[in-house]
Amino acid sequence: MTDPFSEKLQAWQQYTRTPWARIRYAVVAEILRREASTLGAGLRVLDVGGGDGMDALPLARAGHDVTIVDPSESWLAEAQRRARAEATTISTIRGGLDDLPEGEWDLVLCHFVLRYRPADGGDIPALARRVRRGGRLSVMDVNPAGRVLRTVVSDGPAAAMAELQADTLAVHTFNTEVRKVEADRISDEARAAGLVQVGHYGNRIANDLLVDDLPKHDESYFDDLLALELELSGREPFNRIGFAWQLVFAR
Ligand SMILES: C[S@@+](CC[C@H](N)C(=O)[O-])C[C@H]1O[C@@H](n2cnc3c(N)ncnc32)[C@H](O)[C@@H]1O
């Protein structure tokens, strides 16, 4: 299995320390906290493509039994290092969507991985099979429509038109182009795999319209922005225009 992510870990961690990445993770942590609370305590959680543990660690901290499966050894090592630093525990498995561990979990995550995968690769049915009956699957990826709106405010209409018409999306941190993954398509695939959609969230909705990043480093401004993001994330029509979409399904 190729691992183009390992050498980009440092650039990735620079991104995850930014205020906008902190917003992305805080909103998801809150959505997953709510979902987990409906399922109970001590849940078995599988984070597919969970990388360095940014989504997994808050769940481990909350007392859940968390396993990350990811092809990148260095990212998994970083997840383990962070878990130790927080005196919490996670399990890691080197692997990926092509060789998922057998079994069923209460909560399965697959965040920002599908865009690196072929469109018809059968990933959603494979993920659905890892969810126990009554459990949840959370899928997340970049929202192509959100990228167009972000581009119009940052770079103007011609750049936004090019973004709209492009077949692929640029991922600057990893210096690569990926496929556009539409939330509606994932909803259809999940439904066909026997899942029921229970949540459609947006992420970085207000943040990406605020092109001046400087105020976001001020803690009180950051708190206001995060409070707004949390309020907007599950509301129509705001949930359709953020940097990313997050869909939650029940099996
Ligand atoms: C952009 S990072 C996202 C990490 C994490 N899910 C998050 O949202 O913070 C993409 C992750 O997908 C992993 N990945 C790449 N190919 C994969 C595959 N075939 N199966 C599972 N994970 C994969 C990478 O190693 C990397 O950790």
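As a reminder, the structure under discussion sits directly above these lines.
**Q** Can you help me understand the sheet that holds strand E9 (residues 244-250) in this one?
**A** Two modes of strand pairing occur in sheets, parallel and antiparallel, and in both the strands are linked by backbone hydrogen bonds. Reading across from one edge, E3-E2-E1-E4-E5-E9-E8 is the order of the 7 strands in this open sheet, with mixed pairing throughout. Edge positions in the sheet fall to strand E3 (91-94) and strand E8 (196-203), since each of these pairs with one other strand and no more. Sheet twist, expressed as the average angle between the axes of neighbouring strands with direction ignored, equals 15 degrees. Pairing analysis gives 4 bridges linking strand E2 (residues 65-70) to E3, with the strands arranged parallel. Within E3, the position partnered with Thr 67 by the bridge is Ser 91. Sheet strands touched by helix H4 (residues 73-85): E2 and E3. Its angle to E3, the strand with the most contacts, is close to 175 degrees.

**Q** When you look at the environment of Glu 7 in this model, what are you seeing that I'm missing?
**A** Positionally, Glu 7 belongs in the segment before helix H1 (9-16). For Glu 7, a relative accessible area of 67% translates into the label exposed. Distance in space between the C-alpha atoms of Glu 7 and Phe 174 is 9.2 Å, their sequence separation being 167 residues.

**Q** Hey, could you run me through the packing of H1 against helix H2 (residues 19-39) in this one?
**A** Working note: a packed helix pair is described by the angle between its axes plus the distance between those axes. It is the contact of H1 with H2, at a shortest axis distance of 6 Å, that shows an interaxial angle of 80 degrees. Taken as axis vectors, H1 and H2 run roughly perpendicular relative to one another. Contact residues: Trp 12, Tyr 15 and Thr 16 in H1; Trp 20, Ala 21, Arg 22, Arg 24 and Tyr 25 in H2. Class assignment for the residues of the contact of H1 with H2 results in 5 nonpolar, 1 polar and 2 charged.

**Q** Help me understand the packing of aromatic side chains in this model?
**A** What describes a pair of aromatic rings is the distance from one ring centre to the other and the angle between the planes of the rings. This model, assessed by the stated rule, comprises 9 aromatic pairs. Geometrically, the ring pair formed by Phe 5 and Tyr 116 is edge-to-face, given 5.0 Å between the ring centres and 90 degrees between the ring planes. Taken together, the residues Phe 5 in the segment before H1 and Tyr 116 in the loop between strand E4 (105-111) and helix H5 (123-128) connect sequence positions 111 residues apart. Its relative accessible area of 22% is what places Phe 5 among the partly exposed residues. Take Tyr 116: its relative accessible area is 27%, and that puts it in the partly exposed class.

**Q** How should H2 be read in this particular structure?
**A** Note on helix geometry: an α-helix contains 3.6 residues per turn, so any two residues three or four positions apart are oriented the same way. In a regular helix each residue adds 1.5 Å, so 21 residues correspond to 30 Å; H2 covers 30 Å between its end C-alpha atoms and thus fits that length. Looking one or two residues beyond H2, the residue adopting positive phi is Gly 40, at roughly 125 degrees.

**Q** Looking at this structure, I do not really get helix H8 (residues 183-192). What am I missing?
**A** For H8, the complete set of buried residues consists of Ala 183, Ile 186, Ser 187 and Ala 190. What you see down the axis of H8 is that its buried residues fit within an arc of 105 degrees, all on one side. Looking at the buried side of H8, the elements it contacts are H5, strand E5 (131-142), E8 and E9. Of the residues trailing H8, Gly 194 is marked for its positive phi of about 90 degrees.

**Q** When you look at the pairing of E4 in this model, what are you seeing that I'm missing?
**A** The side chains of a regular strand alternate between the sheet's two faces. Among the 7 residues in E4, 7 count as buried, and that is most of the element. Of the strand pairs in this sheet, strand E1 (residues 44-48) and E4 are connected by 4 bridges, and their pairing is parallel. Looking at the pairing, Val 48 lines up with Cys 110 of E4. Here 6 bridges tie E4 to E5, and the two strands are oriented parallel to one another. Residue pairing across strands places Trp 105 opposite Val 131, the latter belonging to E5.

The rules behind each value
- Residues numbered from 1 in each chain as written.
- Predicted model: local features only at pLDDT ≥ 70, side-chain atom pairs only at ≥ 80, totals over all residues.
- Heavy atoms only, no water.
- Pairing = 2+ DSSP bridges.
- Helix = DSSP H or I, 4+ residues; strand = E, 2+ residues; numbered from the N terminus.
- Axes fitted to C-alpha atoms, helices over the stretch in contact; angles between N-to-C directions.
- Contact = heavy atoms within 4.5 Å.
- Buried < 20%, exposed > 50% of the residue type's maximum accessible area, 1.4 Å probe, protein only.
- Parallel < 35°, antiparallel > 145°, perpendicular 65-115°, else oblique.
- Nonpolar A, V, L, I, M, F, W, Y, C, P; charged D, E, K, R; others polar.
- Phe/Tyr/Trp six-rings, centres within 6.5 Å; stacked < 30°, edge-to-face > 60°.
- Expected span 1.5 Å × (residues − 1).
- Arc of directions from axis to C-beta.

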